[in-house]
Amino acid sequence: MIRLDPSFLTKPLAHRALHDVTRGRPENSRAAINAAIEAGYGIEIDVQLSSDGAAMVFHDYDLKRLAKDSGPIQQRSAKDLGRVILRGSDEGIPTLPEVLELVSGRVPLLIEVKDQDGIMGANVGRLERAVAHDIEGYEGPLGVMSFNPHSVQQMAIH
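A.B. asks: Would you mind going over the overall build of the protein with me for this structure?
C.D. replies: Each helix and strand counted, the protein has five helices and five strands in total. Across the protein, helices and strands are ordered from the amino to the carboxyl terminus as β-α-β-β-α-α-β-α-β-α. Its C-alpha atoms give the protein a radius of gyration of 15 Å, within 12% of the compact-globule value 15 Å for 158 residues. If you line up the protein on its principal axes, its C-alpha atoms span 40 × 40 × 25 Å. By the burial criterion, 49% of the 158 residues in the protein qualify as buried.

Here it is, written out as structure tokens:
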């Protein structure tokens, strides 16, 4: 088992980054991530799967609450999701590789792999594969978690 980097225990973690939609920083947005980095906070982000298998940094299953669009995130391509504007900003939804490049090891980063079937079931694997691929070679304090134990098992396999 790989131990958690000690920096996760010495810095506060900004949940969904340091978001404040009234200041143009929606949750899991580039602006919220930059604000957390500037404040010296670690960052927790969420990932969902696009229709073409990309890990997208977004919390909900549906776009409606957080974006100026609606519908399941899993039914849209990464390119299309990049053009979906987050409420309270002029930003599209970022991919995990974009966020990894933005953070670039400057602060601890915790990635929550969202449950993909809505029932914490074993119908997982594609998102975990995408995350494992994206984080390969990342240099900096990084952790991956999920509330779905099947996702955690898949991350261990990958």
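A.B. asks: Honestly, the nonpolar core in this entry has me stumped. Any pointers?
C.D. replies: Core analysis: the biggest nonpolar cluster contains 27 residues, and Ile33, Ile43, Ile45, Val47, Leu96, Val103 and Val131 have the highest contact counts within it. Ranked by residue count, the leading element in this core is helix H4 (residues 126–135), at five residues. Sequence-distant contacts of Val131, defined by excluding residues within four places in its chain, comprise Val47, Ala55, Leu96, Val113 and Met155. Listed in part, the twelve residues of the second largest apolar core include Phe58, Leu81, Val84 and Ile93.

What counts and what doesn't
- Residues numbered from 1 in each chain as written.
- Predicted model: local features only at pLDDT ≥ 70, side-chain atom pairs only at ≥ 80, totals over all residues.
- Heavy atoms only, no water.
- Helix = DSSP H or I, 4+ residues; strand = E, 2+ residues; numbered from the N terminus.
- Rg over C-alpha atoms; globule rule 2.2 N^0.38 Å.
- Buried < 20%, exposed > 50% of the residue type's maximum accessible area, 1.4 Å probe, protein only.
- Core = buried A, V, L, I, M, F, W, Y, C linked by side-chain atoms within 4.5 Å.
- Contact = heavy atoms within 4.5 Å.

On their own, these measurements won't tell you what the molecule is for.
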